[in-house]
Amino acid sequence: MNLRGNDMDTKNQDKYRGMMLDGRYELVELIGSGGMAVVYKAMCHRLNRYVAVKIMRPELAKNEKFRRRFQTESQAIAKLSHPNIVGVYDVSRTDHVEYIVMELVDGITLKQYLQDHGPLDAVQAVDFSLQIARALAHAHGKGIVHRDIKPQNILVVNDGVIKVADFGIANLQSEVPDVENEAIGSVHYISPEQAKGAWVDDRSDLYSLGVVMYEMLTGRTPYDGETPVSVAIQHINGGAPLPSTLVTGIPRGLEQITMHAMASNADERYSSATEMLRDMEEFRKNPSLTFVYGPGGQTLRKAPQAPQQPQ
């Protein structure tokens with residue numbers, strides 16, 4: 001994992017530089033920070049390779065309840081093994097420092113990528129979306145819901161490979177005091193059921209993926225406001241403008257997939273990442289496809305879009 005540039009605030013955070021954890025991981029450089037943790041580039045002297053080490057904030061490490069949950073969640077995440085998920089190598093505690101050792105990814109966040117490139121064309125948006133959906137399908141198959149899919153948690157590697165980070169960590173945020181910055185960043189991608197504090201399942205991740213797709217296609221999130229509450233209410237009420245009203249040339253089928261994933265009612269969305277993947281794969285093969293959805297969110301019919309008649 002590698003978070004650089006605008007996604008981090010290094011001020012007063014670099015106190016662990018040079019520390020050796022468990023006689024194995026030498027912390028070399030601070031590369032990211034957040035409400036829950038700081039992230040360092042580190043040298044693993046046992047395997048002679050660089051890794052990323054995520055260290056929990058000291059006040060959290062002192063909380064026994066949080067520490068137990070952190071260990072449980074991290075061990076579950078470590079079972080995930082997929083080319084589109086940032087790998088977790090180790091989970092440990094030493095000298096009152098709780099930390100996770102992860103794959104060090106040479107890339108930038110999708111948020112930074114969009115800031116640099118603006119809206120993506122349909123081909124690249126589908127490519128990125130497929131990779132994210134494959135990561136979700138793998139995690140959901142292991143019983144793990146991400147709960148915080150957003151461009152800040154998605155890394156773009158130099159060769160165009162997508163890596164999803166922080167699986168399951170969002171589970172712990174209810175235990176964390178003072179995460180206002182994270183809440184403001186995440187609320188633009190939160191599912192309506194999360195905004196209501198209701199039960200969350202796989203479909204919540206699909207909603208957030210739909211929002212990420214919306215941003216990839218238009219360069220903006222579907223809802224915005226002055227406060228997190230005002231944005232959350234918009235997610236609950238729905239009614240985002242169609243991407244094609246903001247950017248011309250977006251294929252109708254891709255817009256349908258995006259908005260279907262973003263249905264306010266979870267029962268009207270794709271029921272699984274696998275189902276969403278199926279439509280995206282079909283669209284990639286035939287960009288003229290359009291879709292018809294039925295009760296329960298399932299895709300009833302796919303057909304090439306009829307050519308427009310000349311005026």
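This section reports on the structure supplied with the text. Predicted model only: the values in this text are computed from it and were never measured. (Residues numbered from 1 in each chain as written. Predicted model: local features only at pLDDT ≥ 70, side-chain atom pairs only at ≥ 80, totals over all residues. Heavy atoms only, no water.)

1. Brief notes about the overall build of the chain
What the chain contains, in helices and strands, is 10 helices and 11 strands. The 311 residues of the chain split such that 53% are buried. Partitioning the intrachain contacts of the chain with sequence separation of at least 6 by distance along the chain shows that 62% fall at a separation of at least 24. Carbon and sulfur atoms form 48% of the exposed surface of the chain, whose accessible area is close to 14300 Å². (Helix = DSSP H or I, 4+ residues; strand = E, 2+ residues; numbered from the N terminus. Buried < 20%, exposed > 50% of the residue type's maximum accessible area, 1.4 Å probe, protein only. Contact = heavy atoms within 4.5 Å. Areas by Shrake-Rupley, 256 points an atom, 1.4 Å probe, with all protein chains shown as cover.)

2. Some words on the packing of aromatic side chains
Evaluated as defined, the whole model comprises five aromatic pairs. Judged by centre distance (6.2 Å) and plane angle (85°), the rings of Tyr-16 and Tyr-40 are edge-to-face. In this pair, Tyr-16 sits in the segment before strand E1 (20–21) while Tyr-40 sits in strand E3 (residues 37–44), placing the two residues 24 residues apart along the sequence. Across the pair, Tyr-40 and Tyr-16 agree in class, each one buried. Note on Tyr-270 and Tyr-293: the rings are 5.8 Å apart at their centroids and 85° apart in plane angle, and the pair reads as edge-to-face. Pair noted here: Tyr-270 is in the loop between helix H9 (252–261) and helix H10 (273–285) and Tyr-293 is in strand E10 (residues 289–293), with a separation of 23 residues, a long-range link. Given a relative accessible area of 0%, Tyr-270 falls into the buried group. Residue classification places Tyr-293 among the partly exposed positions, given a relative accessible area of 22%. (Phe/Tyr/Trp six-rings, centres within 6.5 Å; stacked < 30°, edge-to-face > 60°.)

3. Topic: the pattern of salt bridges
Applying the stated rule across the entire model yields 11 salt bridges. Between Arg-203 and Asp-201 there is a salt bridge whose closest N-O contact spans 2.9 Å. Each of Arg-134, Glu-281 and Arg-284 takes part in salt bridges that share partners, so that together they form one network. (Salt bridge = Lys/Arg side-chain N within 4 Å of Asp/Glu carboxyl O.)

4. Quick notes on H10
Counted at 1.5 Å a residue, the expected span for H10 with its 13 residues is 18 Å, and the 18 Å between its end C-alpha atoms agrees. Regarding H10, the residues found buried are Ala-273, Glu-275, Met-276, Leu-277, Asp-279, Met-280 and Phe-283. Looking at the buried side of H10, the elements it contacts are helix H4 (122–141), helix H7 (202–218), H9, E10 and strand E11 (299–304). (Expected span 1.5 Å × (residues − 1).)

5. Overview of the packing of H4 against H10
The N-to-C vectors of H4 and H10 enclose an angle of 155°; their axes lie 9 Å apart at closest approach. Judged by the inter-axis angle, H4 sits roughly antiparallel to H10. In this structure, H4 meets H10 at a crossing whose hand is left-handed. Within the contact between the two elements, H4 uses Val-126, Ser-129, Leu-130, Ala-133, Arg-134, Leu-136, Ala-137 and His-140 and H10 uses Ala-273, Thr-274, Leu-277, Met-280, Glu-281, Phe-283 and Arg-284. Broken down by class, the residue content of the contact of H4 with H10 amounts to nine nonpolar, three polar and three charged. (Axes fitted to C-alpha atoms, helices over the stretch in contact; angles between N-to-C directions. Parallel < 35°, antiparallel > 145°, perpendicular 65-115°, else oblique. Left-handed = near helix turned anticlockwise from the far one by under 90°. Nonpolar A, V, L, I, M, F, W, Y, C, P; charged D, E, K, R; others polar.)

6. Digging into the pairing of strand E8 (residues 154–157)
Neither face of E8 is exposed, since Ile-154 and Val-156 on one face and Leu-155 and Val-157 on the opposite face are all buried. Where E8 hands over to strand E9 (residues 162–164), the hairpin turn is made up of four residues, of which Gly-160 adopts a positive phi near 90°. (Pairing = 2+ DSSP bridges.)

7. Quick word on the environment of Leu-114
Here Leu-114 is to be found in helix H3 (residues 110–117). Here the alpha-carbon distance between Leu-114 and Leu-217, two residues 103 residues apart in the chain, equals 9.8 Å. Once residues lying within four places of it in the same chain are set aside, the contact partners of Leu-114 are Leu-120, Glu-215 and Met-216.

8. Brief notes about the sheet that holds E1
Ordered in space as E1-E2-E3-E4-E6-E5, the six strands form an open sheet in which the pairing is antiparallel. Among the strands making up the open sheet, the edge pair consists of E1 and strand E5 (88–94). Relative to strand E6 (residues 97–102), E5 is paired through six bridges, and the arrangement is antiparallel. Paired with Asp-90 across the two strands is Val-101, which belongs to E6.

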